[in-house]
Amino acid sequence: MKTTRRAIRRWALSTRLSIFMALIVAVSLALMTGAASYAMRTWMVHELDMSVREDLTHVKNLIENEGVIPAVKAAENIGRSFDASDKESQQTEKHGEESAPLEQSGDLAHSGQSESLPLPPSGLEGPGSHDGQLQLISTSQGIYTGLVRGFRVLTLKQPEIDVLTHVPTTGQYRTVYVGPHGYFRVAAIETSDGTRIVVGQSLDHVYGLTRTLLLIACACACVIAGVAALLGRRWVLREMKPLGAVAQIARQISHKDLSATQTIEPFERVEPTAIVKGTEVGDVSQALNAMIDNVEHAFQARTESEQRLRQFVADASHELRTPLASIQGYTQLLQRNSIDTSTALTRIGAESARMSDLVEDLLLLARLDAGRELNTEPVNIILLAIDALTDAHAASPQHQWNLNIPQGAQAEHCYVRGDEAALRQVFANLLSNARVHTPAGTIVDLSIQPEEAQGTTYFTNTPVDSDAHEQSADKGEENLVITVRDNGPGIPQHLRDTVFDRFVRADTSRTRATGKGSSGLGLSIVSSIVEALGGKVILSTVCEGEEPIADMTHGTIYTVVLPRMNYEETAEQPS
C-alpha cells in the first residue's frame with residue numbers, strides 16, 4: 001500500500017487532478033444512476049402493487065358474488081368433464097405437461113382430487129390476462145393454481161404451492177421467490193367462507209428494466225468520465241501553464257553560479273502579462289517575482305558593499321603607505337647623514353601625526369558602524385561654532401568667514417545632547433572641507449538657528465532620506481539647524497551621490513600637489529556622527545550653468561539638523 005501511494009505521489013499534479021476529476025464525475029454519475037434506478041424500481045413496484053390489488057379484488061368479487069370457484073364455473077360453461085385416468089394419459093402423450101389448447105393447458109394441480117383435472121382459475125385463460133400473472137385459490141375442495149407464461153397457462157408444482165400458501169392473508173404486498181419462475185409481488189386474503197386467494201405479478205419485467213437502465217447508465221458514466229478526464233487534463237494543463245514558467249525560471253536561477261561572479265546579471269522573471277491576479281498560480285508567480293527582486297537587491301547590495309570594501313582597503317592602504325614611505329625615507333636619509341637631523345625629525349613627526357589622525361578617523365568610523373553610542377551630555381553649540389570658525393580663520397585667512405548665531409534669549413537655548421569632541425569634529429570637518437575645496441576669497445557662512453520642526457523647508461538637488469526629520473516633527477520636537485554655506489564652484493554631478501562615502505575625493509589622482517589633499521573621510525565622519533546623534537545632513541550644491549537653488553547660483557550648502565534640548569533642560573545649564 002505504501003509503495004502504491006508513493007507511486008501515485010510521483011505522478012504529475014495535472015495527472016492526479018485529472019484522475020480525481022474523473023473519479024468525482026464517475027461517483028456523481030453512479031449516485032445519480034443509483035438514485036434514478038431506485039426511484040424507477042420503486043415506482044414500477046408500486047404500479048405492480050396496484051395491478052395486484054385490482055386482480056385480487058376482481059377474483060374476490062367473482063367468488064363471493066357467484067359462490068363458485070372460477071375454474072369450476074368455466075368448466076360448466078363449456079360443458080366439459082374429463083375422466084382423470086383416460087384424459088390425463090392422452091393429454092400427456094400428445095402435448096406433454098404443457099397442453100396447447102388454452103382451456104386444457106398445463107397440469108392443473110388439484111389437491112385431494114386425483115381422478116379429475118380442473119381448469120385453471122377463471123381469468124387466466126381468457127382476455128385480460130397478461131404475462132407473469134399468478135393466481136392460487138385454495139378451498140375445501142382443493143387448490144387451483146395458474147401462471148401465465150408466453151401466452152400459456154402453467155400450473156405450479158407442490159414446492160411452489162407451499163411458498164404461496166404460507167403468504168399471510170393480511171392483504172399486504174410481499175415479494176416472494178417462486179422457484180424457477182423467479183420473484184413475484186403477491187398479496188393474499190381469505191374470504192368469509194374460508195377460501196384463500198393469492199394473486200401475484202412477476203417482477204421479471206421490473207428487474208429487467210432496472211438492469212438495462214444500470215447498464216446504459218454505467219456505459220454513459222464511463223464515457224462521460226473519460227471525456228471529463230481528457231477535457232479536465234487539458235484545462236488543468238492550461239491553467240497550470242504559468243507554473244511551468246515559474247519552474248523554468250527557478251531552474252535557470254539555480255543553475256547560475258552566484259558566488260563566482262562579481263557582477264550579477266538581472267534575473268529572469270515571470271511576465272506580468274502571464275500573471276492572473278487572484279488565482280493561486282498568479283499568487284505563486286507574484287511571490288516568485290518578489291523573491292527574485294529581494295534576492296537581486298541583496299546581491300547588488302552585497303556586490304556594492306564588496307566593491308566599497310575593496311576600494312576602502314585600497315584607499316586606506318594608500319593613505320597609510322604614503323606617511324609610512326615618508327617616515328622610512330627620512331629614516332634612511334638620517335642613517336646616511338644625508339639630511340639635517342632637525343628637518344628629518346620634523347618631517348617624521350608630521351607624517352606620524354598624519355598617519356595617527358588617519359588611524360583615529362578609521363577607528364571612529366569602525367566604532368560608529370559597530371553601533372557604539374556616543375556620549376550624550378549637554379553641549380552648547382554656539383561655543384563650538386565660535387571655536388571652529390576661529391580655527392578656520394587662522395588656518396585660511398584668505399577666505400571670508402562669517403558667523404550668524406542667535407542673540408539674546410534664543411542663544412541660551414542652543415544646547416544639544418551629544419559628544420562634545422565628536423561635535424567639534426563635525427564643525428572642523430565641514431569648515432575644513434569648505435576651505436580645502438574652494439579658492440581664496442570664497443565667502444563661507446556658518447549659521448546656527450533654532451527651527452520649529454514643522455516650519456522649515458530645505459532646498460536640495462540631491463536625494464535625501466528625511467525619515468529622522470519626519471520622526472522628530474511627529475513628536476513635536478524643536479531642532480537646531482547648522483548651516484555651512486560657501487559661494488565656491490560647487491560639487492560636480494558625478495560626486496553628489498557619493499559625497500558622504502568614505503575616501504571620496506574631488507582629486508582622484510591621490511596627489512597632494514597643492515598641499516590641500518585630504519583623506520576623503522571628513523564628510524563620511526560628519527554623516528556618521530550626526531546620524532548617531534539622531535540628526536541628519538543635507539547637501540545642496542549648484543555649479544555654474546545649472547538651475548539656481550533659492551538665491552544661490554553657484555556654491556554648496558551643508559545643512560546639519562540636530563534635536564535640540566527642551567527649555568526645562570537648557571534652563572539648568574550655565575550660559
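Up top is the structure these notes are about.
Since the model is a prediction, treat every value here as computed from it, not as a measurement.

**Description of helix H10 (residues 381-395)**
Here's step 1: Between its first and last C-alpha atoms H10 spans 21 Å; for 15 residues at 1.5 Å apiece the expected length is 21 Å, and the two agree.
Here's step 2: Here H10 has its buried residues at Ile381, Ile382, Leu384, Ala385, Ala388, Leu389 and Ala392. The arc enclosing the buried residues of H10, seen along the axis, measures out at 155°, which places them on a common side. Those residues of H10 that are exposed and aimed more than 90 degrees away from the buried face are Asp391 and Ala394.
Here's step 3: Two or three places before Ile382, at the start of H10, stands the capping residue Asn380, its side-chain oxygen 3.1 Å from that residue's backbone nitrogen.

**Observations concerning the packing of helix H8 (residues 280-335) against helix H9 (residues 341-369)**
Here's step 1: At their nearest, the axes of H8 and H9 sit 9 Å apart, and the two run at 160° to each other. With respect to their mutual orientation, H8 and H9 come out roughly antiparallel. Considering only the axes of H8 and H9, their crossing is left-handed. Residues Phe312, Ala316, Glu319, Leu320, Thr322, Pro323, Leu324, Ser326, Ile327, Tyr330, Thr331 and Leu334 of H8 form the contact with H9, whose own contacting residues are Thr341, Ala344, Leu345, Arg347, Ile348, Glu351, Ser352, Arg354, Met355, Leu358, Val359 and Leu362.

**Examining the nonpolar core**
Here's step 1: Core analysis: the largest hydrophobic core is formed by 48 residues, its most contacted members being Phe427, Leu431 and Ile529.
Here's step 2: Those elements giving two or more residues to this core turn out to be H9, H10, helix H11 (420-436), strand E10 (443-452), strand E11 (478-486), helix H13 (522-532), strand E12 (536-542) and strand E13 (555-563).
Here's step 3: Those residues within four positions of Ile529 in sequence are excluded, and the remaining contacts are Leu364, Leu368, Leu374, Ala422, Gln425 and Val426.
Here's step 4: In terms of nonpolar packing, the next biggest core, distinct from the first, is built from 14 residues, Leu134, Leu147, Phe184 and Val198 among them.

**Description of the environment of Val560**
Here's step 1: With respect to the helices, strands and loops of the structure, Val560 is situated in strand E13.
Here's step 2: Linking Val560 and Ile482, residues 78 residues apart in sequence, is a C-alpha distance of 5.0 Å.

**What to know about the side chain of Thr483**
Here's step 1: By the element assignment, Thr483 lies in strand E11.
Here's step 2: By relative accessible area, Thr483 is classed as buried at 16%.
Here's step 3: Setting aside residues up to four positions removed in sequence, Thr483 forms contacts with Asp445, Leu446, Ser447, Ile557, Tyr558 and Thr559.

**Structural notes on the packing of H11 against H13**
Here's step 1: Between H11 and H13, whose axes approach to 9 Å, the crossing angle comes to 145°. In this structure, H11 crosses over H13, and the sense of that crossing is left-handed. Between H11 and H13, the contacting residues are Ala422, Gln425, Val426, Asn429, Leu430 and Asn433 on the first element and Gly522, Leu523, Ile525, Val526, Ile529 and Val530 on the second.
Here's step 2: Residue composition of the contact of H11 with H13, by class: 8 nonpolar, 4 polar and no charged.

**Description of unusual backbone geometry**
Here's step 1: At Asn337, a residue that is not glycine, the phi angle is positive and equals roughly 55°.
Here's step 2: The residue Asn337 is located in the loop between H8 and H9 in this model.
Here's step 3: Classification of Asn337 by relative accessible area gives exposed; the value is 69%.

**A look at the pattern of salt bridges**
Here's step 1: Enumeration over the complete set of coordinates arrives at 8 salt bridges.
Here's step 2: A salt bridge links Glu420 to Arg424, with the nearest nitrogen and oxygen atoms 3.2 Å apart. Separated by 4 residues within a single helix, Glu420 and Arg424 lie in helix H11, roughly one turn from each other.
Here's step 3: Assessed through its relative accessible area of 34%, Glu420 is described here as partly exposed.
Here's step 4: Linked through salt bridges whose partners overlap, the residues forming this network are Arg347, Glu351 and Arg354.

**Observations regarding the sheet that holds strand E6 (residues 196-202)**
Here's step 1: Ordered in space as E3-E2-E1-E6-E5-E4, the 6 strands form an open sheet in which the pairing is antiparallel. The open sheet has two free edges, formed respectively by strand E3 (152-154) and strand E4 (174-177), since each of these has just one partner strand. The mean angle between the axes of side-by-side strands here comes to 30°, regardless of whether they run parallel or antiparallel.
Here's step 2: Across the face of the sheet, helix H5 (residues 158-165) comes into contact with strand E1 (133-138), strand E2 (143-149), E4, strand E5 (183-190) and E6 while running at roughly 80° to E1.

Thresholds applied
Residues numbered from 1 in each chain as written. Predicted model: local features only at pLDDT ≥ 70, side-chain atom pairs only at ≥ 80, totals over all residues. Heavy atoms only, no water. Helix = DSSP H or I, 4+ residues; strand = E, 2+ residues; numbered from the N terminus. Expected span 1.5 Å × (residues − 1). Buried < 20%, exposed > 50% of the residue type's maximum accessible area, 1.4 Å probe, protein only. Arc of directions from axis to C-beta. Polar contact = N/O pair within 3.5 Å; in protein donor to acceptor, adjacent residues only side chain to side chain. Axes fitted to C-alpha atoms, helices over the stretch in contact; angles between N-to-C directions. Parallel < 35°, antiparallel > 145°, perpendicular 65-115°, else oblique. Left-handed = near helix turned anticlockwise from the far one by under 90°. Contact = heavy atoms within 4.5 Å. Core = buried A, V, L, I, M, F, W, Y, C linked by side-chain atoms within 4.5 Å. Nonpolar A, V, L, I, M, F, W, Y, C, P; charged D, E, K, R; others polar. Salt bridge = Lys/Arg side-chain N within 4 Å of Asp/Glu carboxyl O. Pairing = 2+ DSSP bridges.

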